[in-house]
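# Coordinate analysis (summary)
One letter stands for each residue in the lines below.
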Amino acid sequence: MSLRAAWFPLLLGAALALAAAFLALPIAAIFLDAGPARLLASLDDPAAVEALRLSLLTTSIAIAIVVVVGTPAAYLLATRRFRGRALLVTVLELPLVLPPAVAGLGLLAALGPHGLLGGALEETGIALVLQTAGVVVALVFVAAPFHLRQAQAAFAAVDPRWSEASRTLGASEARTFARVAIPAALPGLGAGVALAWGRALGEFGATLMFAGSFRGITQTAPLAIYDRFATDFDGALALAAVLVAASLVLLLSIKLLTRDALG
Amino acid sequence: MLSVEVATPLGGLELEAAFEVAPGRCLALAGPSGAGKTTLLRIVAGLLRPAQGRVRCGEALWLDRARGVDLAPERRGCGLVFQDYALFEHLNAWRNVAYGMRGTPRGERRARALALLDRFGVAHRADARPSRLSGGERQRVALARALAAEPRALLLDEPLAALDARTRAAALRELAALLRELAVPVVLVTHAFTEAALLAGEVAVVDAGRIVQRGAPAALAARPATSFVADLTGASVLSGTARAQPTPDVDAALTVVDLDGGGIVVATEPGAGAVAVAIQPWEVTLEPPGEDRHGSARNRLDVEVVSLAEMGNRVRVGLAAPQPLVAEVTRDAVAQLGLAPGARAVATWKAAATRVLPR
């Protein structure tokens, strides 16, 4: 093949190589700079372990909430046409493009002590601000749109005749949702969970503004990394490496678990 | 007895149809795409709510808009085989079949599904995902799945359309045999009249949202009520104008039609003004060109052979008369007359075999 004919494939290859190098370089640098010894040492540091544990706990709860509420909501959006649907979809996607600081401000204005629902929350005895529960709220807010979007697309891609066939075979709408729509959309739902979980694990700004950064209560791994960054660059690097590794394992296992569904 | 009565807007037209099917009988809804056939099936199955209508199956009232009755599809027990079968891609063949077996204990479902698949000759494919099945296998699994739910009525939407020509002939025979065994009302949708004629005891021709004619397939082919029905049954439909004045040398009791583009046709049926004449392909005889009139056939048109298509032991010969005309003859006749595209011949048929229909 002459260069004349090959220029476009070469261009595509060069673009991909550039993107891969640029995106992988900082991640590789974290591991190379930290080194295995520092990594192991950081795992002995109770503050680091606490931050990681808190990150896993809060993101797990947040993702559970996102999946349990978001999946049926996305199914409704994907399978029904109603007035104001397009507007609703846009509103639900808005948190995707909000700066984290704006998200934090919004949460304070809505759920903070002087916020819209602050009084009502206080009466029921629910405290969010500067609490672990507040971290979960912030994570749900920033992560939910990722899952909603992905799940909606996944359900929309399921052949509507499968659901109709299921109904004519005697299955109720709820059973059809559980037995046909979810299994058929599983790879897409898994991708949504992975994206949302990844976003939640890395959440920083909204959590900091809404829940603060208190060791053991609201200081998740990203906040702990930032906390160390000023005083202990190597320690921050080691914790970052652990967070990256944990995220990678999480994403891979979700992909593997949900990929099997369609064989 | 499945009885259906529906009136609802459909795209730009009004779908208005009523029909009844007795248990063990099959009614074919035949017509072009967009006529509203599939919509009728969806209404019967409960997947679409019409503006007005009543659907009753035996003692059960499925739909009565006037009384606010509209049973959910899962409560109707109405089997529907979709045009492209809509098999669940995440389940293998036997689990697809077992999906609708609500009444069967969990432990017996696999055995029942296998028995059903065996009946359709695809038990060896029980563990395959639908994407691994051939078109014919998919169709059989879809039928088995619909029957596994023990439906009170069975609806088939173009059950053979997704199959290639070779598979279709065998699938058609199998489906015909199956339909003879079933004890529930069956409604079949097809755009092919031959399929309808082979599978159903009765055919309702649907055009633009209405049933334009209904009857036994042979009766429709012999006496189409409109040129549309004639065309659908596979007859050649030629357009022309019936002469108002008697023609010399022709019995005044016969209708003489001047065909658009040339040629005349004589028919025993009455007709006036702009008409269509319909002739079934098996009524048309081909002769070598230039021979004089002999025998009793009144109609003789000089034609040119355009195409030849073998259909089983017959050959469909496409002719330019100059309007398109089709003759069905034997392979021997093709050889004897040297029929080939471009060859000339004379097409003859009886005045009594000529339908005259208003245009």
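Let us look at the structure shown here. (Residues numbered from 1 in each chain as written. Chains lettered and ligands numbered in written order. Predicted model: local features only at pLDDT ≥ 70, side-chain atom pairs only at ≥ 80, totals over all residues.)

## Some details on the interface of chain B and chain A
Put simply, an interface is often sized by how much accessible area is lost when its parts join up. Taken together, the contacts link 19 residues of chain B with 17 residues of chain A. Among the secondary structure elements, those contributing two or more residues to the side of chain B that touches chain A are α2 (73–76) and β7 (78–81) of chain B. The leading source of residues in the side of chain B that touches chain A is β7(B), at 3 residues. Looking at the side of chain B that touches chain A, its residues break down into 10 nonpolar, 4 polar and 5 charged. (Contact = placed C-beta atoms within 7 Å. Helix = DSSP H or I, 4+ residues; strand = E, 2+ residues; numbered from the N terminus. Nonpolar A, V, L, I, M, F, W, Y, C, P; charged D, E, K, R; others polar.)

## Notes on helix α1 (residues 37–45) of chain B
Across the 9 residues of α1(B), 7 count as buried, placing the element largely inside the fold. Looking at α1(B), one finds that the buried residues are K37(B), T39(B), L40(B), L41(B), I43(B), V44(B) and A45(B). (Buried ≥ 20, exposed ≤ 12 C-beta atoms within 10 Å, placed from the backbone.)

## Concerning the packing of helix α6 (residues 132–156) of chain A against helix α8 (residues 173–202) of chain A
Residues and elements named next belong to chain A. Packing of α6 against α8 brings their axes to within 8 Å, and their N-to-C directions diverge by 155°. When the axis of α6 is compared with that of α8, the two are roughly antiparallel. Note that α6 runs across α8; the crossing there is right-handed. On the side of α6, the interface is formed by L139, V142, A143, A144, F146, H147, Q150, A151, A153, A154 and F155, while α8 contributes A181, A185, G188, L189, A191, G192, V193, L195, A196, R199 and A200. A breakdown of the residues in the contact of α6 with α8 according to their chemical character gives 17 nonpolar, 4 polar and 1 charged. (Axes fitted to C-alpha atoms, helices over the stretch in contact; angles between N-to-C directions. Parallel < 35°, antiparallel > 145°, perpendicular 65-115°, else oblique. Left-handed = near helix turned anticlockwise from the far one by under 90°.)

## A look at the sheet that holds strand β13 (residues 255–259) of chain B
Residues and elements named next belong to chain B. A sheet is described by the order of its strands in space; here 5 strands give the open sequence β14-β13-β12-β15-β21, paired in antiparallel fashion. Each edge of the open sheet is held by one strand with a lone partner, namely β14 (264–267) and β21 (355–358). Neighbour to neighbour, the strand axes of the sheet diverge by 40° on average, direction disregarded. The pairing of strand β12 (residues 236–242) with strand β15 (residues 273–279) spans 7 bridges and is antiparallel. Considered in β15, the bridge of S236 is made with I279. (Pairing = 2+ DSSP bridges.)

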